[in-house]
Each structure stands twice: as structure tokens, then as C-alpha cells.
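Residues per chain, in single letters:
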Amino acid sequence: MDAVSQDAFAVCEHCNAINGPLNRYCSQCSFPIRGSEAEQASFRLTVSSRRRFLDDARQKIKSARIVILVLAGLFFAFGLFVGFTMDDFPSMVVSVVLCFIYLLLAAWCNQNPFGALLTAFIIYLTLILINTLVDPATLFHGIIIKIVIIGWLIKGIRSAHEAKGYLKELQNLKAVPVDAE
Amino acid sequence: MQSSTTTGISYCIGCGGEVRPGDRFCGSCGTSLLRETARASRDAFSVLTPSLIFYFVTLSILGVYKLTDVFDASFESFAIVSIATTLIVVAFWIMAGKDLVSLFDLKGIRISVVLLTIVIALVSCLVVSVVADFINVSLYETTFVETLLFEDTSSPLLYAILFTCVQPAIFEEVAFRGFLFNNIQQITTPTSTVYITAFIFGIIHLAIISMLWLVPLGLAFGFLRAKYNTLWYGIIGHFTYNLGVVLIEYAQTAG
């Protein structure tokens, strides 16, 4: 009697959905409720690896966001410097506007990291290109820092794109991390 | 997608087993029945390559024109740059091929939206002309042209309308609300696509103060494109706005 009722309904130990007697897999999250231990372990491994990828991606997004904030700070400092020591007010206005744009992008980065980081990346490359056209020598000023900044932004953009995929996959498996909106 | 849910009973496409409505996975074989399965995502940069190439090639040409001494301030130089950037748009337009055809469909165009677009474009260009006057910026910066550029041509007004109204209305819209929009939309939401395309539309004009009105303008055309899936409203709005700019500048120079 006891064995029959257990066969009739199975509560999924992964997502707590109630499954019919014939289900080998949970109909809500695809956990192999009546699968072998190895199959169940492989399901758990998939979930935990996706979680780790998602955490990694989010870490890289965070670093790229910090790069945006640092750039905002640098533009602000540069603007004040050229404005007050060289009386170059047009450059000061441009730098302060850029600082403001980067602060906006850092704020947008919390809602949509992909859009914000891509825009920040395009603006940054645009500035390098413009400065190089005006004075080719500037291309080599702080070239290592420029490469590092570009590298960080590229990593952030890639990660922001990948993070969406991992999150979707985890949602499908009913294994959304607690901190995800 | 993967199971037919129109009838009461549906079957898994993986194993043919019966699935109940509301099931997200097949209970017999574990195949996903979800409409949106998580696909292995393509690398963001390989998707965006065409957009980045278009943007930086065009930016380089405009940058050389505006920031270096390679081109002088003559009408001929301007025409060469204008034709070069137009040809780049045409090349990407051809490469996009069928993807852009539906955006030119005249079916479903609503006269009320057309009229509203025209009215808003005219009001915006009046407002911008007052603001630009106040902060002492040439309104022509909006359309990337110096004042008096067309003065020496045989028919200044005609050339001004051709190069600063017709050309941008068609080719900037096909680029920013056409293939760039489609390309970026492949990997992000329509709303952020509107923001990103409006922003790059603003910076590519290389006039930092004009971004005050270029970005909102790009946002307006972008939202029209996203909402109605047509380029016509953007083209009409862009043409009207630029025509307003040209006529105001023309009246001011003449007067």
C-alpha cells in the first residue's frame, strides 16, 4: 500500500512540484526524479556550474562598472585641471559633460549592463580616435592604461551578454539564484 | 513550439509521450517544452561586428573631415565626404538585404501618426533654434554642415535641401534605425537598442553641445521605429526637422 502511494505521486526534491506516477523527469524543472543517482548528480552539477558562470560574469560586470566610474572621475579631474590651470574652458566643458555621461552609464549599468557597457566602450574608442586625428601622438599617451581599460570593458560586455543566457537557463531549470530580480 | 497545446492532449516531440498542459518539460524523457529555450549564446562581439565596422569607418571619415586639414571648407569637399558616407550606408543596406524590406512597407502607415510626426518635428526644430541661438551654436551643426557652405553653388537652397534634408533623412534612418537597429536588437531588448542607437547617432555628429538635441531626436525616431516597425515615420520626421533647420538658417542668413 505504502509503495503504491509513493509511486502515484512524487514530489520533486529540486523544485517541489508534484509529479504523476509515470514521470521519470520532473515536468516543471526536468530533474530526473526517478533517475539514477548519477543522473541526479549530473543535473545538480549543471545547475551549480551555471550558477558559478553567472557569478563569474557578474563579477566581471562589476569590474567594468568600476572602470566606468574611474573614467568619470578622471574626466572630472582632467576638466578641472585644464580649466583652472590652463584656462582651457571649452575642454573643461567637454570633460565635465563626459564625466556626467559616464556617471549616467554607471547608473544604467545596474539595470542593463550590456547596453551601458557597450555605450561606454563606443564612447571611449570614439574619444581615442578623435584625439588621434587631432594629434596622432596622443594615441601613445598612456597606451597601456588604454588597453587595460578597453580589455576590461570588452570582458564586461561579453559577460553581460553571457549572464543573460545563464540566468535564462537557470530560470528554465527553476534554479534562479536568490539575488536575481 | 515543441508541443501542440491547441488541443487538450499534446505530445512531446522528443519521445512522443503525452504531456499535460502546464508541463515545462516532458515527464518521460526530460525534453524541454519551453517556448524560449536557453540557446548557447553567440559571442556578443561576433554579433556586433557589422555595427562596429560601420560606426568606426563612418566616424573616421567624418572625423578626418571635421578635425583635420585634409579637406577644406569648400562645397566640393563636403560633397565628397557626403557621397562617401552615403556609399558606406548603401553597402550595408545591400548586405542587410531582405531584413530591411519590411521596414519600408507602406501598408499600415497611419496618416494621423504622419501628421503628428510632422507637427512635433516642426515644433522641435523651432525650440532647438531658440535654444541654439541662446547658447550661440550654429543650428546647422545638427546636420553636420557649416553655415554658408552652399553659398557658392548654383542653387544654394536646392543643394542645401538635397544634402542636408533628403540625404540624412534617408541614409541616416536606414543606418541608425535600419541595419544598426536590427543588428543590436539581436542581442538586447528593443528599449536598450533605442537608447544605444540614439546615443551613437548623437556622438557620430561630433558636436558635443548638439548632443543635447541630437540624442532626444534619435530617441524619438528610435521609439517610432521600435513601436511601428517602419522607417517611414523616422524618415518623414527627420526630413521635416532638417528642412525646418535649413529654412530657419536660410531666413536668418538672408535677413
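Residues numbered from 1 in each chain as written. Chains lettered and ligands numbered in written order. Predicted model: local features only at pLDDT ≥ 70, side-chain atom pairs only at ≥ 80, totals over all residues.

A. Region of the structure containing the overall build of chain A. Each helix and strand counted, chain A has 5 helices and 2 strands in total. Each helix (α) and strand (β) of chain A, taken in turn from the N terminus, gives the series α-β-β-α-α-α-α. For chain A, the C-alpha radius of gyration of 25 Å lies well beyond 16 Å, the compact-globule estimate for 181 residues. Once the C-alpha set of chain A is aligned to its principal axes, its extents read approximately 90 × 25 × 20 Å. Considering only residue pairs separated by 6 or more positions, chain A has 52% of its internal contacts joining residues 24 or more positions apart. (Helix = DSSP H or I, 4+ residues; strand = E, 2+ residues; numbered from the N terminus. Rg over C-alpha atoms; globule rule 2.2 N^0.38 Å. Contact = placed C-beta atoms within 7 Å.)

B. Representation of the interface of chain A and chain B. Contacts between the two partners involve 34 residues from chain A, matched on the other side by 32 residues from chain B. Where the side of chain A that touches chain B is concerned, the elements lending two or more residues are helix 3 (89-111), helix 4 (113-134) and helix 5 (143-172) of chain A.

C. Helix 6 (residues 211-228) of chain B, seen in detail. Residues and elements named next belong to chain B. With 18 residues, helix 6 extends 25 Å from end C-alpha to end C-alpha; this agrees with the ideal 26 Å at 1.5 Å per step. Every buried residue belonging to helix 6 is among Trp213, Leu214, Leu217, Gly218, Ala220, Phe221, Gly222, Leu224 and Arg225, and all of these are buried. Elements in contact with the buried residues of helix 6: helix 3 (111-134), helix 4 (156-185), helix 5 (190-204) and helix 7 (232-254). (Expected span 1.5 Å × (residues − 1). Buried ≥ 20, exposed ≤ 12 C-beta atoms within 10 Å, placed from the backbone.)

D. Examining the packing of helix 1 (residues 44-67) of chain B against helix 4 of chain B more closely. Residue and element names in this part refer to chain B. One can describe the packing of helix 1 onto helix 4 by two numbers: an axis separation of 8 Å at closest approach and a directional angle of 150 degrees. With respect to each other, helix 1 and helix 4 are oriented roughly antiparallel. For the pair helix 1 and helix 4, contact is made by Leu48, Pro50, Ser51 and Phe54 and by Ala175, Leu180, Asn183 and Ile184, respectively. (Axes fitted to C-alpha atoms, helices over the stretch in contact; angles between N-to-C directions. Parallel < 35°, antiparallel > 145°, perpendicular 65-115°, else oblique.)

E. Up close: the nonpolar core. Ile68, Tyr102, Leu117 and Leu153 of chain A together with Ala175 of chain B are the most contacted members of the largest nonpolar core, which totals 96 residues. For this core, the leading source of residues is helix 4 of chain B, giving 12 residues. If sequence neighbours within four positions are ignored, isoleucine 68 of chain A has contacts with Tyr102, Leu105, Ala106, Cys109 and Ala120 of chain A. (Core = buried A, V, L, I, M, F, W, Y, C linked by C-beta atoms within 7 Å.)

F. Examining helix 3 of chain A more closely. Taking 1.5 Å of rise per residue, 23 residues should cover 33 Å, and helix 3 of chain A covers 34 Å from first to last C-alpha, within 8% of that figure. For helix 3 of chain A, every residue scored as buried is listed here: Ser95, Leu98, Cys99, Ile101, Tyr102, Leu105, Ala106 and Cys109 of chain A.

G. Inspection of the confidence of the model for chain A at higher detail. All names here are of chain A. Across chain A, pLDDT averages 88, with 93% of residues at or above 70. Least confident of the elements in chain A is helix 1 (residues 2-8), whose mean pLDDT is 50; most confident is helix 4, at 94. This stretch, residues 1-5, has a pLDDT under 50; its non-local contacts, to residues over four places away or in other chains, come to 0 contacts. (pLDDT = per-residue confidence, 0-100.)

H. Representation of unusual backbone geometry. Look at asparagine 16 of chain A: it is not a glycine, yet its phi comes out positive at around 70 degrees. Relative to the assigned elements, asparagine 16 of chain A resides in the loop between strand 1 (10-11) and strand 2 (18-19).

I. Fine view of the environment of asparagine 110 of chain A. The topology assignment puts asparagine 110 of chain A in helix 3. The sequence separation of asparagine 110 of chain A and isoleucine 61 of chain A amounts to 49 residues, and the corresponding C-alpha distance is 9.4 Å.

J. Molecular detail of the packing of helix 3 of chain B against helix 7 of chain B. All names here are of chain B. One way to put it is that helix 3 packs onto helix 7 with a least axis distance of 8 Å and a crossing angle of 35 degrees. By crossing handedness, the relation of helix 3 to helix 7 is classed as right-handed. Contacts between helix 3 and helix 7 pair Val113, Val114, Thr117, Ile118, Ala121, Leu122, Ser124, Cys125 and Ser129 from the former with Tyr233, Ile236, Gly237, Thr240, Tyr241, Gly244, Val245 and Ile248 from the latter. Its residues placed into classes, the contact of helix 3 with helix 7 shows 11 nonpolar, 6 polar and no charged. (Left-handed = near helix turned anticlockwise from the far one by under 90°. Nonpolar A, V, L, I, M, F, W, Y, C, P; charged D, E, K, R; others polar.)

K. Fine view of the confidence of the model for chain B. Residue and element names in this part refer to chain B. Here chain B averages 86 in pLDDT, while 89% of its residues score no lower than 70. Element-level mean pLDDT values for chain B span from 83 in strand 1 (residues 10-11) up to 94 in helix 5. Confidence drops under a pLDDT of 50 for residues 1-7, and excluding neighbours within four residues, the segment shows 12 contacts in the predicted structure. Taken together, the chains of this predicted complex give a pTM of 0.86 and an interface ipTM of 0.84.

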